[in-house]
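Tertiary structure, described
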Amino acid sequence: QVQLVESGGRVMEPGGSLTLACTASGRSCSDSAMGWFRQAPGKERVFVGSISGTSGNSYFDDSVKGRFTISRDNAKNMVYLKMDKLKPEDTAVYFCAARDSWRSSPLASEYDYWGQGTQVTVSS
């Protein structure tokens, strides 16, 4: 069993930078692919980015590519999402997720564990 807790969400101005953290507990997630998803009001939950549990390669949706980065600290069992050049369109609840697989995936249905989300609001 894995528990995930996101933190770091807040209200930001356009163009700002913010890092979200995901803390895992229950077991090590060092071999697990980790994903970030977001859900805006009235919208479906969509893929933001992911990091492999083996190669460490990262993948991003086109909407955030070049602005967001993912990193992990396996010693702390944590994953981070660094967001730069924030836009009002980035406003959403951000969720971290873990797979029982090393492979990254853009599909929410392929992740096994989810956090409760943290709100990021970018004023317009």
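Structure: see above.
In this text, all values refer to a predicted model and were calculated from it rather than measured experimentally. (Residues numbered from 1 in each chain as written. Predicted model: local features only at pLDDT ≥ 70, side-chain atom pairs only at ≥ 80, totals over all residues. Heavy atoms only, no water.)

1. Some thoughts on the pairing of strand β7 (residues 68-73)
Note: β7 against strand β8 (residues 78-83), six bridges, orientation antiparallel. The residue bridging Ser71 from the neighbouring strand is Tyr80, located in β8. (Pairing = 2+ DSSP bridges. Helix = DSSP H or I, 4+ residues; strand = E, 2+ residues; numbered from the N terminus.)

2. Comments concerning the state of the cysteines
Counted under the stated rule, the structure contains one disulfide. Here Cys22 pairs with Cys96 through a disulfide, and the sulfurs are 2.1 Å apart. Between Cys22 and Cys96, the disulfide has an S-S torsion of 60° and is therefore right-handed. In this pair, Cys22 sits in strand β3 (residues 18-25) while Cys96 sits in strand β9 (residues 92-98), placing the two residues 74 residues apart along the sequence. Of the residues examined, Cys22 reaches a relative accessible area of 1% and is grouped as buried. Taking the relative accessible area as the measure of exposure, Cys96 reaches 1% and is therefore buried. (Disulfide = S-S within 2.5 Å. Buried < 20%, exposed > 50% of the residue type's maximum accessible area, 1.4 Å probe, protein only.)

3. Focus: the sheet that holds β3
What the four strands build is an open sheet, ordered β1-β3-β8-β7; its pairing is antiparallel. Both outer strands of the open sheet, β1 (3-7) and β7, are each paired with one neighbouring strand and no more. Neighbouring strand axes in the sheet, compared pairwise and without regard to direction, differ in orientation by 20° on average. In the sheet, β3 pairs with β8 via six bridges, with the strands oriented antiparallel. (Axes fitted to C-alpha atoms, helices over the stretch in contact; angles between N-to-C directions.)

4. Regarding the environment of Gly16
As for its placement among the helices and strands, Gly16 is situated in the loop between β2 (11-12) and β3. On the basis of relative accessible area, Gly16 is assigned to the buried category, the value being 18%. For the pair Gly16 and Asp84, spaced 68 residues apart in the sequence, the C-alpha separation amounts to 6.2 Å. Setting aside chain neighbours within four positions, we find Gly16 in contact with Met83, Asp84, Lys85 and Leu86. (Contact = heavy atoms within 4.5 Å.)

5. What to know about the packing of aromatic side chains
Applying the stated criterion to the full structure yields four aromatic pairs. Consider the rings of Phe37 and Trp114, whose centres lie 5.1 Å apart with planes at 55°: the pair is tilted. Here the residue Phe37 occupies a position in strand β4 (residues 34-39), and Trp114 occupies one in strand β10 (residues 113-114), the gap between them amounting to 77 residues. A residue is classified by how much of its surface remains accessible, and Trp114, at 25% relative accessible area, is partly exposed. Over the face of the ring belonging to Phe95 we find Arg45, whose NZ or CZ atom lies 3.8 Å from the ring centre. Over the face of the ring belonging to Trp114 we find Arg45, whose NZ or CZ atom lies 4.9 Å from the ring centre. (Phe/Tyr/Trp six-rings, centres within 6.5 Å; stacked < 30°, edge-to-face > 60°. Lys NZ or Arg CZ within 6 Å of the ring centre and 35° of its normal.)

6. Overview of the pairing of β1
Side-chain alternation along β1 places Leu4 and Glu6 on a buried face and Gln3, Val5 and Ser7 on a face that remains uncovered. Of the pairings in the sheet, the one linking β1 to β3 comprises five bridges and is antiparallel in character. Note that in β3 the partner of Gln3 across the bridge is Ser25.

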